[in-house]
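Breakdown of the fold
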Amino acid sequence: MVTLTQALRAGLSRDQVRQLCRSGRWQRLLRGWYIPDAEPSESTLRRARVRAAVVGLGPGAFAVLDTALDLHGIAGLRRFTSRCRLTGPVPSALSHRGWSCTR
């Protein structure tokens with residue numbers, strides 16, 4: 001994953017990041033979060049989206065339940081849902097963010 005902040009610090013402009021996304025070389029995960037891979041697998045995209053959501057929620061946030069199992073590649077899960085199950089120090093803030101593990 002690459003954040004917009006990281007890309008800007010590395011010398012890219014916002015226009016260059018947009019162009020990388022338009023060309024398909026990067027994919028937007030969430031606002032300000034990108035994956036620099038032209039054809040990532042669906043499981044790679046899902047794990048990257050979960051990680052971006054966890055990092056975006058700040059210190060103390062983490063994936064729980066089936067989302068955590070999927071994130072760590074633990075076998076035997078039922079087919080995952082698009083819902084991310086996350087928790088952190090202020091659970092009420094999590095419900096207002098609208099995070100989704102799929103587009």
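Heads up: the structure comes first, above all this text.
In this report, the structure presented in the accompanying data block is examined.

The biggest cluster of nonpolar side chains holds 17 residues, and the ones touching the most others in it are Leu29, Val50, Val54, Ala63 and Leu86. If you list the elements that add at least two residues to this core, you get β2 (27-30), β3 (33-35), α3 (42-57) and α4 (65-71). Examining the composition of this core, we find that seven residues originate from one element, α3, more than from any other. Counting seven residues, the second largest nonpolar core, distinct from the first, contains Val2, Leu4, Trp26 and Tyr34.

Another point: the sheet that holds β2. Pairing between the strands of a sheet comes from backbone hydrogen bonds, and it takes one of two forms, parallel or antiparallel. With antiparallel pairing, three strands are arranged side by side in an open sheet as β1-β3-β2. Looking along the sheet, the strands with just one partner apiece sit at the ends: β1 (2-3) and β2. Relative to β3, β2 runs antiparallel, the two sharing three bridges. Opposite Arg28, over in β3, you have Tyr34 as the bridge partner. Helix-sheet contacts for α3 involve β2 and β3, and the interaxial angle to β2 is about 45 degrees.

Conventions adopted
Residues numbered from 1 in each chain as written. Predicted model: local features only at pLDDT ≥ 70, side-chain atom pairs only at ≥ 80, totals over all residues. Heavy atoms only, no water. Core = buried A, V, L, I, M, F, W, Y, C linked by side-chain atoms within 4.5 Å. Buried < 20%, exposed > 50% of the residue type's maximum accessible area, 1.4 Å probe, protein only. Helix = DSSP H or I, 4+ residues; strand = E, 2+ residues; numbered from the N terminus. Pairing = 2+ DSSP bridges. Contact = heavy atoms within 4.5 Å. Axes fitted to C-alpha atoms, helices over the stretch in contact; angles between N-to-C directions.

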